[in-house]
Each structure stands twice: as structure tokens, then as C-alpha cells.
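Below are the chains, spelled out letter by letter.
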Amino acid sequence: MLFTSFEFLVFLAVVIVCYYIVPKKIQWIFLLAAGYVFYFIASPVYLIYIMTTTVSVYIFTRIIQTRKDTFDIHFKKIKKQLDRQQRKDIKSQEKKKEFRLMMICLLFNLGILAVCKYTNFAIGNINFLLGAVGSSKRLLTVNMILPMGISFYTFQSMGYLIDVYRGTCSAEKNLGKLALFVSFFPQLVQGPISRFNDLSKSLFEKHTADYNTITFGMQRILWGFFKKLVIADRLLPAVLEICGDTSKYQGAYVLVGMLFYALELYADFTGGIDIAIGTAQTLGIHVTENFRRPYFSKNIKEYWNRWHITMGSWFTDYIFYPISICKPMLKVSKFSRKHFGEFIGKRVPIYLSSFAVWFATGVWHGASWNFIVWGIGNFVVIMISQECEPFYRWFHSKINIKDKFLFKLFQIVRTVLLMSCLRMFDCYRDVPLTFKMFGKMFTGFDISQLSVSAFQLLGLAISDYIILFGGMILLVAVSIIQRKGSVRAKIAERKAPVRFIIWYALFLTVLIFGTYGIGYDSSQFIYNQF
Amino acid sequence: MRKRLIGITVSFIVAAVGLWFLQKLLMPKYMDDIVEGAMIAEYYDEEKNHDVIFIGDCELYENISPAVLWKEYGINSYIRGSAQQLIWQSYYLMEETLQYEKPKVFVFNVLAMKYNSPQSEAYNRMTLDGMKMSAAKIKSVQASMTEEEDLIDYIFPILRYHSRFDELGKIDINYLFKKDKVTFNGYYMRVDVKPAQNIPEAKPLGDYNFGDTAYFYLDKMVELCEKNNVELILVKAPSLYPHWYDEWDKQMSEYALDHNLKYYNFLNSTDDIGLDFAKDTYDSGLHLNLTGAEKLSTYFGNILSTECDLPDRRNDKKLKEIWEEKLKAYDDEKNRQYAENEK
């Protein structure tokens, strides 16, 4: 059920009405049922996967929690009889046992994700290698089921598992409540990836229908529809046209395609997240924000702190830090410092951990070398940018332009272009072709290619470009206003007729200029495939 | 609280009126090239006490002239026709018509029997958009939808036509609330001539049997007419193309016999009607032009008045007045088209 489908709107309306009608005590049970119905409609088979993850995580977190609780009681009793070393040893032994339990559950669930998502990718690579060594043998690809949103709910569940292991959150005793956390339908298909401690409170508490909460949620949904239907899906034909015919569209067209895709992806993904967060808000549930005006970032590091925030923080907390401080890494660090000096030695663990994070980020995005190279590309750019820091500091100490508007604008444009270049890996068929087209952008660049009639050949009419231009202005304006606080809150302060005109105008814009219905290919959200 | 409720109510009313207006603006008006889409809606403006209602596709609305039936036999008739009208659409139009009036005869053109499944959204729209919202319309939409269509798009056509914003023109403004009549009691007049030549040969078919769905709705038509005490007459218009196979004709003859219905295949009576396909068609034999339609109407009117015992209502004062006005418009249009043809 696509978020922008009529079916979803009907489903949501029914859920909202029933949610506030049912006794408050069972509101969370109703939400769980709604999530499973949502998933069941997509495919009944998917339910088996999400339930397997839920049950396995429940069992293991309960075992870990029980061990922790029992150990704490036992430890308190014997603590005084032990010396410092003995205490440390006992704690360490217990931690190891809990770690083993956590790892079993982690590997089991990541195994499901890997098998569902990466089997055919692995087979493809094995076949490539077999061909490279001259073997005529080939493995057959397998018709695998890829449950909707598996990457999102698996990561969310694994985050919870690790948090329980770390003791940063207590294991949920109620299987149903955990199931709701895993299957909360607004964020099931494309995130955000929530933490148990952040989501559980508002997810399980009782909610009373509140006019402001519901209308704010609906306004956010409407804004998401605007981004997805008016901007992202309107741009889609042009992106497909440019990236689909690489012999025809070279040079300046590659640049256009790259920028169009950057805008499409932003409108598509943030639009989807707006709908997810808005949907949760109509139910009185607070979901973590996933974006903070990423295209206003002045460097790539800042960009990644503002784009897909919940995924970034997941990788930082559950991959980067554990790898950085794990024993083997400390040994590597020590070894490097000893043999290569302080300069290289202190960088090795950061480089290795960052590489692992970005490699995993690439793999998480999809079973394709394009994503892996894209992830590594991000790693390279971030590391270069980090190494250039001293130079930047020196430069700014000499030339005082850091706070000038034009320089900030330059930084923003540079970051957008850089990220857009990296995003080219999403657009083209394979890695060599992406590099080739990247090169063509410079070698075959001819500005005269970009005439008005040439733009019309991309599958968009003049009216489409006018709508896109207007839509972009609105996007930028809203982002600028957002810097000083919630736009919805600002609008809510206005008089009723003004509020009505603003929201009604946005509604009509989506209704009339949205790309939906016959004549348009309704497009799946890009991040649904992850 | 009261103030807020009033505010919400007013907002909803303003929003609904705005949407209604936009929907009106964006819906195709069918007032220039393709006028077939405007035909179905014209019925609702009529005085509803017809003796005969013709229901079917272009083989009726281009081949029968109610004006002639009135002039020559005093039969007050109307054609609820639309392009490629499918049999389930005809059935639900019958059902809907019976909500407004109870004619003595329904005439159905059997060419629609060849279709057993939904065909095209564009043709669906031309029949269904013109219907007023009713249970019959909903059922007709459900029966007619192709895979790409949704019921909600018919209930709120703005969801279908929103993308027409860049096609809007003068016509959309001029005909926003009031449309011109494009037919004469459902008859679409054409006076031009294009002789029938090189009629394509009939392609052999793998299966000549009409489909189950087509028969299902024909059965329903029979039932509906019996229940409402209306006579159902089946006809096949004398169009040379699309081809009407003998096997099809046999099935219809047998069906009519089994169900005690009258069935007239006018292809077998072209000489009696006096049709000359060198002069009486405007598109090489697909449809009749005015002269052809008037000849067929004279012929069929005679059958209707004699065999169906339809009274001559030319002495009905009210009807006479209505028809006088209609006949004037009919003759004016005829003269206008002839004059234009001569240019």
C-alpha cells in the first residue's frame, strides 16, 4: 500500500477514527493490528518474516535481561566478598555470555536480511568470478522474497537488541508491545529507524484525540504528498529518460540528470518521511526527525548529520563506536602508532571504522556494487575533507570570508554538487558506466545542448518545468522559514481565514499538479526498496 | 467551541464549493471535436414521457432519427446512445431510465454483444461521466472499469482530470455551466456523404459464440423489461462495418425466439429500406448519414407503430409544442450542414 495511494488514505482515516474510539487501554493493541493488516495487505508471507524477527528479538532480549537482573541481584550479594579483580572477572564473564546471546540473535536476523537481500547479488559475483577464471559453470539465481521494509525493521530491532545488551534500555516484557515497536506501520516501509527509548513512551501511552495534534499531523502528511507527487514524481520521467539512454544523453544532459535526481531523491525521501511522521503524529505518537534541511549543509560531514539522521546515528552508535573501541582495533591502533608514528597511528582506527561504516551503509542501501562504491565514495570524500581541515583553518585565518553570505552559499552549492555526483551511482546501470558518464559530463559538455526544446524532449512539458520551478521555490522558502522554528506552528498563529487559504491552496496544488492517476506511472518511493 | 465548529463548517463548505467548481472546470466538455461524450447527459434535460427509448452504441445514435419517428408516426422517442456503449452500460442505462420514466419499448442494438469484457477508459468515460450519480452508475462503472481504472475516479472525476490543467481553453470556460445540445433527442446528425467502397473483408474468428458476460446482461435486460412491463426489441443496424457475422445473427435470432423477443437485422432489409450506400453513409458504410438515418427511421417507425401498437401522439398539445421547437432546430441544423457542405 503506497503512502500516496487512495487505499492508504482510506486505511489511515479508518485507523485514526478507530484509534481514538477504542478504549485507551487497547489503543496500542489496535495499532499493532493495524500494522499487521498494513503488512498483510502488502503480502501475507511478509508477516512470517517480521514475526520471526519480533519473536527472536523478544526471546533473546528477555533472556539477556533476565540474566542481567539475576546477575545484578547475585552480584550485589557477593560483591563485598570479592576483591576488585574478581569483580571485574565475574562481570566480564557475564558480559561475554550476554554478548554471545546477543550475537546469536543478531547474526540470525542479519542472516535473514542477507539471504533475502543479497543472495542473488552474491550469486552474480560468484558467476562473474567463475567466468573470470574461465569456468563455464554458473550458479542459478534464486527467486527470493524481499519483505517490505526488511532493512528498516531489522535495523530497528537490532538497535533495540544491542541497547538491551548494553543496558541502555530494558527489555520489553510484553511481546505485543515489542511487536508494535517493530511493526509500527508509518515507519515500517522507509523509516525513520527509531530507538526503543525514543519511540516506546509515546507509542504505548494512552492518547486522547486532540485537534491540534491531528491537524498538525495531517498538515505534515499533505506537505509530504506535495513533495512526492508534485516534485519527485514529476521529475521522474526526465531522470529515467536521461539515465536510461546514455548514448543519447551525454555532456550537459548528465549534469541535468544528476541535479534532477538529487532533487527527486530529496523530495521523494523527505516527502515519504513527512508522511510517516505526520501519520504518527495524527495518532499522537512522536517519531524522531530524519532530516534537517540537508541541502543547506556546508560540508559533507554536516550533510550526513542532517540527511537520513536516524540511519547515520544507527551506524555511528552500533558500528562506528563498537569497531573503534573493540580490542582488535585498539591493538591495530597501538601497532600503527608504534610502527608508523603518531600521525598515521591515530588515524588508522578512525579510517578503518569509518570505512566499515560507509561500506555497510552502501551494502544496506542495496545489493549492488553501485551502492557499495557510493558508500566508499562518501568515505573517501569525508576523509579527504577531514584531512583538509588544517588547510581550511589556515585559509580562513588568512582570508576572512567564513561568515560572508556568498562564501556560505558557495559551500552549500559545493556540498550539493558533491553529494549529487556521488548519487550518480544510484542512477546508472553499473559502476563503470557511472564513471564513464561522470567523465562525459566534463568531456562532452556543451551548454548549447540545453535549449528549451531539448528540455522538452526529456518527457516533461513546459508546464511541468513551471510547476517544478514553483515547487522548488516553495521548498526553499519553507526550508528557510523552518530555520527559525516550525512552519506549521507559525501558520497556526495566523487568523483562521489565512490558515485556511494556505492549507487549502497546498491541498489544491497537490490535487491538481500532483502526478497520480491514469496517464502517470505512480512511482514507488525510492527508499521503499531498501 | 461553537465558534470553532462554525469555522470548520464554513471552511468545509468553501472547500467543497471550490472543489466542485474546479472539477467542473477540469472535466472535458466534449463540445468541439468529440461530441459523443456529451450525449448521455443531455437526456436529463428532457421531458420524460417517451414511447420508445433506444439504448446502444453509434449504430443507434447515428442511424435513427427520433425527429422522423415523431413527424411521420407521432412516436415520441429518445436515443440514450454513446460511443462503443458496452452491453452492461446499456443495461444500467435502462435501469436508470426506468427511474425517470416507463417507456413502452426499449430498443437495443445487438452489436454490443461482441464485447465480453471492459474495453477502453476513453469510451467508458464518454458513457459514464455523463450519467448522474446513482446506484446504476456505480454498478455500471464497476462493470466497465479496465484494470487501470478506479471507482473513486468516477465518483470524484477531478482525480482523473486534474492533469487537464494545461489543456484548459476557452471551451472550458464557455461551457463551464451550460452546454450546447449536440444531438436531436440523442440523434447525432451528419449530412455529408462518403460512399461505401472497399469494405474490409470479414476476418474469420476463432470463436463465434458471444461471451457469457454479454449473455448475462442480455438476460438481465430481458428480466428488467419483463418486470417493468416494457417491450424489448433487439435490432442490428444496417452498418456494413464492423462486420456482423452470420453466426452472430443466428445466435441473436435464436435468443429472440427463445425469449419471445422481436429481432430485426436491418442488414437484411437494406433494399426495403431503400438504402443506397453510395449516398446514405458519411463514412464508407460504418454509419448512415442523415438521408440514410431518415430512411431507416421511416422504415422502423412503421414497424414500431404497427407491430408494437404505439399510439400516434401528434395530437398531444404539450408534446406537439415541444416537438415543434425541436423540429425547427433539427431543420436549422440540417440546412446549416448542407450549406456548409456546399461551400
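Residues numbered from 1 in each chain as written. Chains lettered and ligands numbered in written order. Predicted model: local features only at pLDDT ≥ 70, side-chain atom pairs only at ≥ 80, totals over all residues. Heavy atoms only, no water.

### What about the overall build of chain A?
Helix and strand content of chain A: 21 helices and zero strands. Taking 24 Å as the expected radius of gyration for a compact globule of 530 residues, we find that chain A reaches 25 Å, a close match to that expectation. The dimensions of chain A, computed from C-alpha atoms along their principal axes, are 85 × 65 × 65 Å. Across the 530 residues that make up chain A, the buried fraction comes to 51%. Counting every atom, chain A has about 26,000 Å² of accessible surface; 66% of that belongs to carbon and sulfur. Distance from the positive charge centre (60 side chains) to the negative charge centre (31 side chains) of chain A: 8 Å. (Helix = DSSP H or I, 4+ residues; strand = E, 2+ residues; numbered from the N terminus. Rg over C-alpha atoms; globule rule 2.2 N^0.38 Å. Buried < 20%, exposed > 50% of the residue type's maximum accessible area, 1.4 Å probe, protein only. Areas by Shrake-Rupley, 256 points an atom, 1.4 Å probe, with all protein chains shown as cover. Lys, Arg positive; Asp, Glu negative; His and termini not counted. Charge placed at Lys NZ, Arg CZ, Asp CG, Glu CD.)

### Section: the packing of helix α11 (residues 309–325) of chain A against helix α12 (residues 327–345) of chain A
All names here are of chain A. At a closest axis distance of 5 Å, the pairing of α11 and α12 adopts a crossing angle of 55°. The orientation of α11 relative to α12 falls into the category oblique. Listed contacts from α12 to I323, S324 and I325 of α11 are K327, M329 and L330. Here the residues of the contact of α11 with α12 are counted per class, giving four nonpolar, one polar and one charged. (Axes fitted to C-alpha atoms, helices over the stretch in contact; angles between N-to-C directions. Parallel < 35°, antiparallel > 145°, perpendicular 65-115°, else oblique. Contact = heavy atoms within 4.5 Å. Nonpolar A, V, L, I, M, F, W, Y, C, P; charged D, E, K, R; others polar.)

### Here's the deal with the domain arrangement of chain A
All names here are of chain A. What the domain assignment reports for chain A is domain 1 (6–197), domain 2 (208–287 + 428–530) and domain 3 (313–412). Relative placement of domain 1 and domain 3: their C-alpha centres are 29 Å apart. Every contact between the two is made by 15 residues of domain 1 and, on the other side, 14 residues of domain 3. Summing the contributions of domain 1 and of domain 3, the shared interface buries around 1,300 Å²; its carbon and sulfur component is 64%. Three residues stand out in domain 1 for area buried against domain 3, namely F121, F155 and R195, and they jointly supply 45% of the buried area on that side. Here domain 1 is connected to domain 3 by one salt bridge. (Domains from an automatic or database assignment. Buried area = accessible area lost by both parts, 1.4 Å probe. Salt bridge = Lys/Arg side-chain N within 4 Å of Asp/Glu carboxyl O.)

### Concerning a nonpolar patch on the surface
All names here are of chain A. There is a patch of nonpolar side chains on the surface, built from L259, F405, L406, L409, V413 and L417 and spanning about 570 Å² of accessible area. The greatest single-element share of the nonpolar patch, amounting to five residues, is contributed by helix α16 (residues 405–427). The residue L417 is located in helix α16 in this model. You can call L417 partly exposed: its relative accessible area is 34%. (Patch = residues over 30% accessible without salt bridge, like charges linked within 9 Å, V, L, I, M, F, W, Y side chains within 5 Å.)

### Digging into α12 of chain A
Residues and elements named next belong to chain A. Across its 19 residues, α12 extends only 15 Å between first and last C-alpha, which sits more than 12% below the 27 Å expected from 1.5 Å per residue. The principal kink in α12, of about 110°, is found at H339. Within the sequence span of α12, burial applies to M329, S333, S336 and G345. (Expected span 1.5 Å × (residues − 1). Bend = angle between axes of the 7 residues up to and from the residue.)

### Notes on unusual backbone geometry
In the segment running from G191 of chain A into P192 of chain A, the intervening peptide bond is cis, with an omega of 0°. The peptide bond linking Y241 of chain B to P242 of chain B adopts the cis configuration, its omega dihedral lying at 0°. Relative to the assigned elements, P242 of chain B resides in the loop between β4 (231–236) and α12 (246–258). Despite not being glycine, R293 of chain A shows a phi value in the positive range, around 45°. Although it is not a glycine, Q84 of chain B adopts a positive phi angle of roughly 40°.

### A closer look at the pairing of strand β3 (residues 105–109) of chain B
Residue and element names in this part refer to chain B. Taking burial as the measure, the five residues of β3 include five buried ones, the bulk of the element. Along β3, one buried face is formed by V105, V107 and N109 and the opposite face, lined by F106 and F108, is buried too. One ladder, built from five bridges, connects β3 with β4; its direction is parallel. Note on β4: the bridge partner recorded for N109 is V235. (Pairing = 2+ DSSP bridges.)

### Considering the environment of I401 of chain A
All names here are of chain A. One can find I401 in the loop between α15 (389–398) and α16. Exposure remark for I401: the relative accessible area of 24% places this residue in the partly exposed category. Those residues in contact with I401, other than ones at most four positions away along the chain, are F395 and F407.

### Quick look at the interface of chain A and chain B
Taken together, the contacts link 17 residues of chain A with 20 residues of chain B. Three residues, F500, I512 and I518 of chain A, lead the burial of chain A against chain B; their summed loss comes to 38% of the area buried on that side. Linking chain A to chain B there are zero salt bridges. Our count for the contact surface shared by chain A and chain B stands at seven residue pairs in polar contact (both at pLDDT 80 or more). Mapped by element, the contributors of at least two residues to the side of chain A that touches chain B are α8 (211–244), α19 (462–482) and α21 (496–513) of chain A. It is α21 of chain A that contributes the most residues to the side of chain A that touches chain B, seven residues altogether. A class-by-class count of the residues in the side of chain A that touches chain B yields 13 nonpolar, three polar and one charged. (Polar contact = N/O pair within 3.5 Å; in protein donor to acceptor, adjacent residues only side chain to side chain.)

### Observations concerning the packing of aromatic side chains
Residue and element names in this part refer to chain A. One pass over the full model with this rule turns up 78 aromatic pairs over all chains. Taken together, the ring pairs in this structure connect Y266, F269, F291, Y295, Y303, W304, W307, W358 and W374 into an aromatic cluster. Taking the ring centre of Y165 as reference, the NZ or CZ of K68 above it sits at 5.7 Å. Taking the ring centre of W364 as reference, the NZ or CZ of K117 above it sits at 5.7 Å. (Phe/Tyr/Trp six-rings, centres within 6.5 Å; stacked < 30°, edge-to-face > 60°. Lys NZ or Arg CZ within 6 Å of the ring centre and 35° of its normal.)

### A look at the environment of L146 of chain A
With respect to the helices, strands and loops of the structure, L146 of chain A is situated in the loop between α4 (84–132) and α5 (150–166). Here the alpha-carbon distance between L146 of chain A and V115 of chain A, two residues 31 residues apart in the chain, equals 9.3 Å.

### Brief notes about a positive patch on the surface
Residues and elements named next belong to chain A. On the surface, K76, K79, K80, R84, R87, K88, K91, K96, K97, R100, K327 and K331 cluster together into a patch of positive charge. Of all the secondary-structure elements, those providing two or more residues to the positive patch are α4 and α12. In terms of residue count, α4 provides more of the positive patch than any other element does, seven residues in total. Assignment of secondary structure puts K331 in helix α12.

### Topic: the packing of α16 of chain A against helix α17 (residues 431–443) of chain A
Residues and elements named next belong to chain A. Contact geometry of α16 with α17 gives a least axis separation of 9 Å together with a crossing angle of 135°. If you check the angle between α16 and α17, you find them oblique. For α16 against α17, the interelement crossing comes out right-handed. On α17, the residues that touch C421, M424 and F425 of α16 are V431, T434, F435, M437, F438 and M441. (Left-handed = near helix turned anticlockwise from the far one by under 90°.)

### A few points about the sheet that holds strand β1 (residues 52–56) of chain B
Residues and elements named next belong to chain B. Spatial ordering of the open sheet is given by β2-β1-β3-β4-β5, a layout of five strands whose pairing is parallel. Of all the strands in the sheet, the pair left with one neighbour each is β2 (77–81) and β5 (262–265). Here the strands of the sheet are splayed against their neighbours by 20° on average, with no regard to which way each runs. Relative to β3, β1 runs parallel, the two being bridged by four bridges. Bridge assignment links I53 to a residue of β3, and that residue is F106.

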